[in-house]
Amino acid sequence: MICKNCEGSLRTDFGYCPQCGAKIVGKRLTFRGILSDFVIIVFDIDNSFIRTFTHLFSKPEAVINGYISGVRKKHLNPISYMGIALTLSGLIVFLIQKYYRSLFDFTGGNTNVNPVFSEKWSDIVFDFN
C-alpha cells in the first residue's frame, strides 16, 4: 500500500502514515462519512471548533499570532472554520427569511417609506446574505 500524500510505503494495518502522519483513508468518500467527520470536528471532546470560536472573541491576537508562529493543532484551521461559519450563517439567514421574515420592519418606523420599496429592499438584503 502507498501513502497518497508522501507516496511512502505502508502496511495494510496502519491507521496513519509513519513518514508524514497523514490518516489512511481506505473507504470511499460518502455523505455519511463526511457527516461523521463533521460531527467529530464539531462535537469532539477535544473540540477545536468551540475553542477557536471562544478564543477568537476573548483573545483573538493569541489565535492569530499562534497560527502565524506555527501553533496549528490547538485551533481549527482558518479554511475549515470559515466553511463552518459560512454554512451556519447561511442556515440562519435561510431560516429567518423563511419563517421569521415578518418580524423585520425595513421601514424603520417611518410612515413615509413605501412598503413595496421596503419589501424589495428586504428581498435584496436577504438574497445578498
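Described below are features of the structure shown in this document.

Rules used in this analysis
- Residues numbered from 1 in each chain as written.
- Predicted model: local features only at pLDDT ≥ 70, side-chain atom pairs only at ≥ 80, totals over all residues.
- Heavy atoms only, no water.
- Helix = DSSP H or I, 4+ residues; strand = E, 2+ residues; numbered from the N terminus.
- Buried < 20%, exposed > 50% of the residue type's maximum accessible area, 1.4 Å probe, protein only.
- Polar contact = N/O pair within 3.5 Å; in protein donor to acceptor, adjacent residues only side chain to side chain.
- Expected span 1.5 Å × (residues − 1).
- Arc of directions from axis to C-beta.
- Contact = heavy atoms within 4.5 Å.
- Salt bridge = Lys/Arg side-chain N within 4 Å of Asp/Glu carboxyl O.
- 1 Å grid on protein atoms, 1.4 Å probe; cavity = no way out; pocket = protein on both sides within 12 Å on 5 of 7 lines; lining within 4 Å.
- Points joined across faces, edges and corners; volume = space filled by probe spheres on them.
- Nonpolar A, V, L, I, M, F, W, Y, C, P; charged D, E, K, R; others polar.

Here the focus is the side chain of His75. With respect to the helices, strands and loops of the structure, His75 is situated in the loop between α3 (60-69) and α4 (78-99). Given a relative accessible area of 12%, His75 falls into the buried group. In this structure the side chain of His75 is engaged in a polar contact, spanning 3.0 Å, whose partner is the side chain of His55.

Quick look at α4 now. Between the first and last C-alpha of α4 there are 31 Å, a value that for 22 residues agrees with the 32 Å anticipated at 1.5 Å per step. Restricting attention to buried positions, one finds in α4 the residues Tyr81, Ile84 and Val93. Buried residues along α4 cover an arc of 165° about the axis, so they all sit on one side. Opposite the buried face of α4, at more than 90 degrees from it, the exposed residues are Ile79, Leu86, Thr87 and Lys98. Looking at the buried positions of α4, the neighbouring elements they touch are α1 (31-43), α2 (48-58) and α5 (115-128).

This next bit is on α2. When we look at burial in α2, the residues that qualify are Ser48, Phe49, Thr52 and His55. Down the axis of α2, the smallest arc covering the buried residues is 140°, so these residues share one side. Structural note: α2 exposes Phe57 and Ser58 on the side pointing more than 90 degrees away from its buried face. On its buried side, α2 packs onto α1, α3 and α4.

We now examine the pattern of salt bridges. Taken as a whole and assessed by the stated rule, the structure comprises one salt bridge. Notably, a salt bridge pairs Asp13 with Arg11, separated by 3.1 Å at the nearest N-O pair.

This paragraph deals with the environment of Tyr81. With respect to the element layout, Tyr81 can be found in helix α4. Considering only alpha carbons, one finds Tyr81 and Ile50, 31 residues apart in sequence, at a separation of 10.0 Å. With near-sequence residues (within four places) excluded, Tyr81 lies in contact with Phe49, Thr52, Phe53, Leu56 and Leu76.

Below, the discussion takes up the layout of surface pockets. Gaps left between atoms are located by rolling a probe of water-molecule size over the structure's atoms. As a volume, the largest pocket reaches approximately 840 Å³. Surrounding the largest pocket, 24 residues form its lining, Lys23, Ser36, Asp37, Ile40 and Ile41 being those nearest its centre. Broken down by element, the lining of the largest pocket gets its largest block of residues, six residues, from α1. Here the residues of the lining of the largest pocket sort into seven nonpolar, nine polar and eight charged.

The values are spatial; any link to function lies outside them.
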